[in-house]
Amino acid sequence: MSEIEYEPLSLDVDRLGRETIDAHIEQVRRLVDEHLSEPYSIYVYRFFLNNWPNLTVMAKHKGRVIGCIISKVEPHKHARIRGYIGMLAVDNEYRGRGIAKELISQSVDSMIETYHCDEIILETEVVNKAALRLYENFGFLRVKRLFRYYLNKHDAFRLILPVTEKSSVRSTFLPPLENAPESKY
Amino acid sequence: MDVEQQLSRLNIRDYEDITSEFFAITSAIEYGSIVKSQQFKLLEGTHALEVLNPKLDTALLKPEISHPAVETLDQAAWVMVRLLGSVCAWLDNNSLSVSVLSCYFVEQLIQRKPVTGELVERCVAPFVKGVISFVSSVLKLGVAGVIYEEEDLNTQTMDLDFSVYDGEQTVLELQKAVKWVRSQPESTSQQLCVDLLLLIEHSLHICEITQICVELYENRPQSLSFADSALEILARLAEPETVAFAGTLPTVACFSANVQKTLNNRSPPKPLAHSSFPSSLENFTKLFTDFQFMLNVLSVRDSVELYEFLNIFMTRRQFTTDPDEILGNHVVVRALMQLFLIRDDRSILGSRRWNISTLLMDVFSKISFQNSKLQSSTDEELRGGLEKLIIQIEPAFYNFLTSISQNPSRQRQFVNKELIIWDSIQVEAENFELESHAKLQDTFANSELPVMPVSSFVYYLKLTKMAELLFKSIELCLFKDCRELHLGYWLLANQLDYLVQHLKRLLDINQLRQAQLTALSKKIKKAKGDKKAKLREEYETKKQSLPQLLKMELYFNMQLTKYQIHKSLAENRATVLRMLGKNGLMDLPKLCKASEETLYNLQFKSFQSIGVPQLPSFRDYKEMMKQQKWLASQLSAEANASYQKGVLKQKSDEINANIRRLEALVAEMQFPEFITERLIQETKLLKKANVATLLTFSQALKVADLPRSHVAVEFEKYDHHLYYPNIKVAAK
């Protein structure tokens, strides 16, 4: 099988053209709709993709999007910069090839290097052992258990990857952020 | 009505088609830009439903055909069994729209629309009305603000009024229905219908408990025979023949997703949810069993017993074979307990004498305040200062009283929140007591050391909460592997050491007050005249507290022994996990993008801001790890296996001796049976945890020379102590 290519989503019409961008968004949406149980409206995609296009990383095989990770970065309680991994999906036939691992790695690096995150968080079901193993291999810690968080009545874990010292201080005891980045939309 | 039908109803001639104009205007919008009001963020739009998206638009649901004809008792029984399953699905966190309201008869009757047919009118309708009334009473609990919307219970009603039927009238209708069904020819369906009607009738009485006011500690158990009766019915229904029979009943097409489309719905389309008959019976059995356990609160005799009972209620769990499930008390009972215990007027159980403030003062008094000089001081400034502190303590105490009703995950968050409050009060309490020391001179015998009853109380509760936070982190599986679990047990042992020391201090305070009473009695003998009379008066007042002081001495000894056991168990576990570190099982994962220090700090984030006892720094932790001596210097990494095992065995024997001592102390406390029973059950699990540690140690020795990739470690929870999962080690 030929190489898998990874690239962040771009909304640059001059560079990519409208058709390519639309196709990318459509393929990302298809992947997520197909593989994740939670239903997401177009607003959810627009919220993530238009505000932080570079934090949607796509894995492509022969030009087709076969995996993606969708993240965002926002201030948390005006005290720290928090990255959030919202969705991760890989087509069944491409699983077991380390694609999810690479997507997480690139997304996390981007959140740390470009956005200077203090921490990165996500939630995952307690029964989803594969996802837990995947994230925990990067150093994500279980900081909270969320009772019946998902529609299928399972509990979830909130996982955090601490990046700076701020992540281990209660926000009450942190000074307010200066020039906190805000989402565009 | 579907989209087509809705459109056909519109008189299209009254409207002007602006489609082309609309698209002409929108074509001017730059590609990729988002047009939205400045009033809100796009984030708010993420909660919106999307028209024409099949996963989000309920208008796209296809109407299902309903044939709700009920012509036989078999069919009536099926409807009732299925509706009971819908109720349980709702209690199990599904929305009403996919559960109870999916029943045609519920949809009709809640809107006071007619249902027809003799069997429906005489049997099914009373049952349905009973279900509506039951849901109505549970909804009232759900919106009372003591449990969490969606997390614990979904209270969205599709704008329907569930209180449409009068409770008492419904009970009468249910009784009438029972009578009518009993008059029918005998059959298995007949008995099933009767039992289901009676079960719903009994369920209607559960929520009435919040209307009852009782005096705390007067040991007046309420006559609530309906709960016993309900449990008898449930046992009968759970008999294999009945369950098997229920599985053969003919279905009736009266459950559908139609309501999601026709009524006011804020949720995306979802499949219908209902529990199987056996699961429904389990759910209701748990409801009534937990309800009965809750009522034990009426039998406690003082604040110590109440405090113990509330802790027991809070940590009550149902063992489940699913390792990913943690089951606390039934959601209805959790909400009920809160509303039953603390009333709107802040009274406890509706008592005229006991409220949150008086209960707090009683607990405080028993722990460290009784017969203190601050208690008898008439100094205005001191009394004012004390009052201010009590006002600050109350929210922390209230937090505890409300945490008992939370689900297991929320309980930890409540404890976490409480920690900050106790920590800030401790600083203030210490400042106040150090400043007032000059006036009071309340010191230990032959010592200049001030007793500081307020700070002692605050510090005691803070230390217990610190340990509780770690205990709950273990229970909730927040420590995922050997490295993290080792950290957890290591810090736990560390914190319990402070708690054990402080309990010794509380015992010292208790003994000081007892000694002061004896000294006062001797002083009376020597005194004369007015002074003698005054001293006698003081003695008589203080003497009344003697039985309480003696009981508290016993209680502190019990607590001391309990926490010593936990400390030793935590130490042993940490030691065994450290041994596994030699196999590389405590190494960080290869892809880890965080340093061990940041992980350490995040893991113990809750303790970072605590002043005393201060969290050991990461450097302290690493220093400890470098030392080759473990378990209070008795064990070293180089020691041979049999020596290591011998040391651990010795520790284990000490734990067993303490467990025996704890059992004796529990017996001596003469708690009510429901407390004693639970404490003894706890000691059994502690014994098991002790033995399990030795076993893990032996397993660890067997794989000592294997690399990490060849060793499998599993944490087993089923039938083990909540805070000591079995650590199973084996070669892969």
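Residues numbered from 1 in each chain as written. Chains lettered and ligands numbered in written order. Predicted model: local features only at pLDDT ≥ 70, side-chain atom pairs only at ≥ 80, totals over all residues.

Quoted verbatim from the Sequence similarities (unreviewed entry) field of the UniProt record, the comment on chain B reads "Belongs to the MAK10 family." Its UniProt record, at the heading Subcellular location (unreviewed entry), says of chain B: "Cytoplasm". (UniProt positions renumbered as here; feature names shortened; annotations may be inferred.)

Under an unreviewed UniProt entry, the name given to chain A is N-alpha-acetyltransferase 30, and the source organism is Ogataea parapolymorpha.

Engineer: Mind laying out the overall build of chain B, listing which residues take part and the relevant values?
Structural biologist: From N to C terminus, chain B includes 27 helices and four strands. Summarising its shape, the C-alpha atoms of chain B cover approximately 100 × 70 × 60 Å along the three principal directions. Counting all 732 residues of chain B, 42% fall into the buried class. Sequence-distant contacts, at least 24 apart, represent 77% of the contacts inside chain B between residues at least 6 apart. (Helix = DSSP H or I, 4+ residues; strand = E, 2+ residues; numbered from the N terminus. Buried ≥ 20, exposed ≤ 12 C-beta atoms within 10 Å, placed from the backbone. Contact = placed C-beta atoms within 7 Å.)

Engineer: Account for the environment of Val500 of chain B, with residues named and values stated.
Structural biologist: Residues and elements named next belong to chain B. One can find Val500 in helix H20 (residues 482-526). C-beta crowding within 10 Å serves as the criterion here: with 18 such atoms nearby, Val500 is assigned to the partly exposed category. Residues Val500 and Phe414 lie 86 residues apart in sequence; the distance between their C-alpha atoms is 24 Å. When neighbours within four sequence positions are excluded, Val500 is seen to be in contact with Leu560, Tyr563, Gln564 and Lys567.

Engineer: Report on the interface of chain A and chain B, specifying residues and quantitative values.
Structural biologist: Counting residues at the interface gives 39 residues for chain A, matched by 39 residues for chain B. For the side of chain A that touches chain B, the secondary-structure elements that each account for two or more residues are helix H3 (42-51), strand S6 (141-146) and strand S7 (156-162) of chain A. Looking at the side of chain A that touches chain B element by element, the count peaks at six residues for H3 of chain A. For the side of chain A that touches chain B, a count of residues per class yields 22 nonpolar, seven polar and 10 charged. (Nonpolar A, V, L, I, M, F, W, Y, C, P; charged D, E, K, R; others polar.)

Engineer: Tell me what's going on with the nonpolar core, and back it up with residues and numbers.
Structural biologist: Residue and element names in this part refer to chain B. Core analysis: the biggest nonpolar cluster contains 242 residues, and Met80, Val124, Val131 and Cys193 have the highest contact counts within it. Here this core takes 15 residues from helix H22 (residues 546-581), the largest share from any one element. If we skip the residues at most four places from it in the chain, Cys193 touches Leu73, Ala76, Ala77, Met80, Cys123 and Val181. (Core = buried A, V, L, I, M, F, W, Y, C linked by C-beta atoms within 7 Å.)

Engineer: Talk me through the sheet that holds S7 of chain A; I want residue IDs and the actual numbers.
Structural biologist: Residues and elements named next belong to chain A. Pairing is mixed in the open sheet, where seven strands are placed in the order S1-S2-S3-S4-S5-S7-S6. The open sheet terminates on both sides in strands that have one partner only, identified here as strand S1 (5-8) and S6. The sheet shows a mean angle of 25 degrees between the axes of neighbouring strands, direction not considered. Pairing analysis gives three bridges linking strand S4 (residues 80-90) to strand S5 (residues 119-125), with the strands arranged parallel. Note on S5: the bridge partner recorded for Arg82 is Glu119. The strands that helix H2 (residues 18-35) touches are strand S2 (56-61), strand S3 (64-76) and S4; relative to S3, the one it contacts most, it runs at about 90 degrees. Against the sheet, H3 touches S2, S3 and S4, its axis set at about 80 degrees to S3. (Pairing = 2+ DSSP bridges. Axes fitted to C-alpha atoms, helices over the stretch in contact; angles between N-to-C directions.)

Engineer: Residues and numbers for the UniProt feature "domain: NAA35-like N-terminal" (unreviewed entry) in chain B, please.
Structural biologist: In this numbering, the UniProt entry assigns the feature "domain: NAA35-like N-terminal" (unreviewed entry) to residues 32-168 of chain B. In the segment residues 32-168 of chain B, helix accounts for 42% and strand for 0%; the C-alpha atoms at its two ends are 61 Å apart.

Engineer: Describe the domain arrangement of chain B, listing the residues and the values that go with them.
Structural biologist: Residue and element names in this part refer to chain B. On domain assignment, one finds that chain B holds domain 1 (3-60) and domain 2 (73-279). Computed from C-alpha coordinates alone, the two centres of domain 1 and domain 2 are separated by 40 Å. Taken together, the contacts link five residues of domain 1 with five residues of domain 2. Split by residue class, the side of domain 1 that touches domain 2 holds three nonpolar, one polar and one charged. (Domains from an automatic or database assignment.)

Engineer: Break down the pairing of S3 of chain A for me, citing the residues and quoting the values.
Structural biologist: Residues and elements named next belong to chain A. By the criterion of burial, S3 is predominantly enclosed, with 10 of the 13 residues buried. Where S2 meets S3, six bridges bridge the pair, whose relative direction is antiparallel. Bridge pairing in S3 links His61 to Arg64. Adjacent in sequence and paired antiparallel, S2 and S3 are bridged by two residues, among which Lys62 carries a positive phi angle near 50 degrees. Once S3 ends, the chain turns through three residues before running back antiparallel as S4, passing Lys77 with a positive phi of about 50 degrees.

Engineer: Could you give me a rundown of unusual backbone geometry, with the residues and numbers involved?
Structural biologist: All names here are of chain B. The amide bond that connects Val612 to the next residue, Pro613, takes the cis arrangement and shows omega of -5 degrees. By secondary structure assignment, the location of Pro613 is in the loop between helix H24 (605-608) and helix H25 (618-626). Phi at Glu150 is positive, roughly 70 degrees, even though this residue is not glycine.

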